[in-house]
Amino acid sequence: MQYFPIFLDTTALNCLVVGAGEVAARKIELLLKTHAKISVVAPWACDTVLRLAAEGKLHLDNRPYASSDLNGKKLVFVATDDSTLNAQVHAEATAQNILVNVVDNIPLCQFITPSIVDRSPIVIAISSGGVAPVLLRYLRQKLESLIPQKMSLLGQFSEKYRELVKQKLSSVTARRFFWEDVLDGDIAEDVLTGNHQQADRKLLAKLESGDAQHKGEVYLVGAGPGDPDLLTFRALRLMQKADVVVYDRLVSPEILELVRRDAEKIYVGKAKSNHTVPQEDINELLAKLALSGKRVVRLKGGDPFIFGRGGEEIETLVGHGVSFQVVPGITAASGAASYAGIPLTHRDHAKSVVFATGHLRDNTINLNWQGLAQPDQTIVFYMGLTGLAIICEKLVEHGLPLSTPVAMVQNATTQQQKVVTGTFADIQAKAEAAGIEPPALIIVGSVVSLQSKLNWFAKD
Ligand code: SAH
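Keep in mind it's a predicted model, so treat the numbers as computed, not measured.

A short note on the overall build of the chain
- Within the chain, the regular secondary structure consists of 17 helices and 19 strands.
- On C-alpha atoms alone, the chain measures out to a radius of gyration of 30 Å, which is more than a quarter above the 23 Å that the 2.2 N^0.38 rule sets for 460 residues.
- The dimensions of the chain, computed from C-alpha atoms along their principal axes, are 90 × 60 × 40 Å.
- Expressed as a percentage of its 460 residues, the buried residues of the chain come to 45%.
- Across the chain, every contact between residues at least 6 apart in sequence was considered, and the portion connecting residues at least 24 apart equals 61%.
- As presented, the chain carries roughly 24,500 Å² of accessible surface, and 54% of it is formed by carbon and sulfur atoms.
- In the chain, 47 side chains carry a positive charge and 49 a negative one; their mean positions are 3 Å apart.

Okay, structure coming up:
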């Protein structure tokens, strides 16, 4: 981040605005939403500024800028059409360590003003650092429509009871659970629909009854194959609630970014034949964290129940009486197939699809090869990269033609996605030449022949 976002307390903030045209007026109107003390200096002022001065909302000096105008100021906005003057004010302010912003002139800005979605006391500030203003406007519109205007009411409601709740509930965690319950449930609805007295009554009753005690839980969440856009709403919501997140290697950094900022993050990653934390220990860890009252998100690549050992983890939880929920994710086969343009069961090509593990153990893969080597069937191998040669050999041995199309998809759905296609005869050489590495899937079957036509994502 080149720009570090902060929120300035404006109670005793003296601001100078040099210039009083329409551009300056827009900044002034923004500043007037705050408590800042505003002085404006300009030989000429537009109607808006004149009106605001007449209303006593700012102090206007109708004269050219003088260096002494900077005295006692903390923040300066410069909005004149005289570039020499703009540069002069910038230089003088900088020399005195006063933060200066020359409007629409990024090189002369020590700070920039973000786009704002105002639901005071909740304020959302967003910025593109000046490089993508249209995208920024688009995002702001999205936020404006996403966040109810009445969110302000909830902010004010929280503010009203903050101290009382703090007195009644001494632990930070208890307070957080309390507020999450309030904001998630019917009390918030009462506030939003204007039933303030009812909301007050319910909150006080809840506080008295002390039902702020929470038991820990585990959310076993499928994080999908990599692209954060493929998370489910439920996954995201629970990730935002987590006290702790336990994740492994297949969970992309972009997805981890979406976990609640102050959640503890525990890595239990597995690289092939390098099990950082043994599975039994992971199972026990989840139970232990939940039993200590934490909300635990167990984040897994793809879908937790597809080659994800999710079943084992929740078996342990059942044993300990810990409650849990399972959130499905998009499994790598689905992600890879969609993003590579390989419809797994295109009806001209396949009547069934099988997900199989290609994991090598003692140099063999123990699978029902006869059952797999069927015409009209697509096979997707997980964990099959090192076993590729054996997979090709076995399927040919059991009757599939050497010309059967095969695809390898690495890092499916991410910007690093790589797709290589060939046949049993040449896929190994092609995968090697392309430097295919884990995580990668192998897709076998005539549906792969559609890839060259249907491929749409990250083509070059
Ligand atoms: N539960 C996961 C699978 C875990 S097994 C799921 O449902 O997707 C790990 C294997 O998944 C890897 O060896 C690889 O074959 C496959 N895999 C996971 N993410 C992948 C990705 N983004 N691209 C390609 N293969 C992936």
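Structural notes on the sheet that holds strand β15 (residues 352–357)
- Across the sheet, five strands lie side by side as β15-β16-β19-β17-β18; this open sheet has mixed pairing. In this open sheet, the two strands that pair with only one neighbour each are β15 and β18 (418–423). Taking the axes of each pair of neighbouring strands and ignoring which way they run, one obtains an average angle of 20 degrees across the sheet.
- Of the strand pairs in this sheet, strand β16 (residues 377–382) and strand β19 (residues 440–444) are connected by three bridges, and their pairing is antiparallel. Within β19, the position partnered with V380 by the bridge is I443.

Remarks on the packing of helix α15 (residues 388–397) against helix α16 (residues 427–434)
- Axis separation between α15 and α16 bottoms out at 10 Å; the angle between their running directions is 160 degrees. If you check the angle between α15 and α16, you find them roughly antiparallel. Taken as a pair, α15 and α16 cross one another with a handedness that is right-handed. Contacts from L388, A389 and C392 of α15 reach α16 at I427, Q428 and A431.
- Here the residues of the contact of α15 with α16 are counted per class, giving five nonpolar, one polar and no charged.

Side note on the packing of aromatic side chains
- Across all of its chains, the model carries 10 aromatic pairs by this definition.
- Arranged with centres 5.4 Å apart and planes meeting at 85 degrees, the rings of F77 and F111 form a pair that is edge-to-face. With a gap of 34 residues between them, F77 in strand β4 (residues 75–78) and F111 in the loop between β5 (99–102) and β6 (115–119) connect regions that are remote in the sequence.
- F111 sits in the buried class, given a relative accessible area of 14%.
- Centroid distance F157 to Y161: 5.2 Å. Interplanar angle 65 degrees. Geometry classified as edge-to-face. Of this pair, F157 and Y161 are both found in helix α5 (residues 151–168), four residues apart, which corresponds to roughly one turn of the helix. Taken as a pair, F157 and Y161 share a single burial class, namely buried.
- A network of ring pairs unites the aromatic residues F307, F355 and Y382 as a single cluster.

As for unusual backbone geometry
- That bond from S120 to P121 is cis: its omega, 10 degrees, falls within 30 degrees of zero.
- Its location among the elements puts P121 in the loop between β6 and β7 (122–126).
- Going from P438 to P439, the amide bond is cis rather than trans, its omega being -5 degrees.
- Here N97, not a glycine, exhibits a phi torsion of approximately 60 degrees, which is positive.
- As for its position among the elements, N97 is in the loop between α3 (83–95) and β5.
- The class of N97 is exposed, set by a relative accessible area of 72%.

A few points about the pairing of strand β9 (residues 244–247)
- Side chains V244 and V246 project from β9 onto one buried face, and the interleaved V245 and Y247 project onto a second face that is buried too.
- By the bridge criterion, four bridges tie β9 to strand β10 (residues 264–267) in an arrangement that is parallel. In the sheet register, V244 faces β10, and the bridge partner there is E264.
- In terms of strand pairing, β9 meets strand β13 (residues 295–300) through four bridges, oriented parallel. Within β13, the residue paired with V245 across the bridge is V297.

A few points about the domain arrangement of the chain
- When cut into domains, the chain gives domain 1 (14–113), domain 2 (151–208), domain 3 (217–330) and domain 4 (333–454).
- Between domain 3 and domain 4, the C-alpha centre-to-centre distance is 28 Å.
- Opposite the nine residues of domain 3 that make contact, domain 4 presents 13 residues.
- For the pair domain 3 and domain 4, the two sides together bury roughly 860 Å², of which 74% comes from carbon and sulfur.

Here's the deal with the sheet that holds strand β3 (residues 59–61)
- Pairing is parallel across the open sheet formed by five strands, whose spatial order is β3-β2-β1-β4-β5. Of all the strands in the sheet, just β3 and β5 have a single pairing partner and so form its edges. Neighbouring strand axes in the sheet, compared pairwise and without regard to direction, differ in orientation by 15 degrees on average.
- The pairing of strand β1 (residues 14–18) with strand β2 (residues 37–41) spans five bridges and is classified as parallel. Across the sheet, the residue bridging to L16 is S39, located in β2.
- Contacting β1, β4 and β5, α3 runs over the sheet at an angle of about 165 degrees to β5.

What counts and how
Residues numbered from 1 in each chain as written. Predicted model: local features only at pLDDT ≥ 70, side-chain atom pairs only at ≥ 80, totals over all residues. Heavy atoms only, no water. Helix = DSSP H or I, 4+ residues; strand = E, 2+ residues; numbered from the N terminus. Rg over C-alpha atoms; globule rule 2.2 N^0.38 Å. Buried < 20%, exposed > 50% of the residue type's maximum accessible area, 1.4 Å probe, protein only. Contact = heavy atoms within 4.5 Å. Areas by Shrake-Rupley, 256 points an atom, 1.4 Å probe, with all protein chains shown as cover. Lys, Arg positive; Asp, Glu negative; His and termini not counted. Charge placed at Lys NZ, Arg CZ, Asp CG, Glu CD. Pairing = 2+ DSSP bridges. Axes fitted to C-alpha atoms, helices over the stretch in contact; angles between N-to-C directions. Parallel < 35°, antiparallel > 145°, perpendicular 65-115°, else oblique. Left-handed = near helix turned anticlockwise from the far one by under 90°. Nonpolar A, V, L, I, M, F, W, Y, C, P; charged D, E, K, R; others polar. Phe/Tyr/Trp six-rings, centres within 6.5 Å; stacked < 30°, edge-to-face > 60°. Domains from an automatic or database assignment. Buried area = accessible area lost by both parts, 1.4 Å probe.

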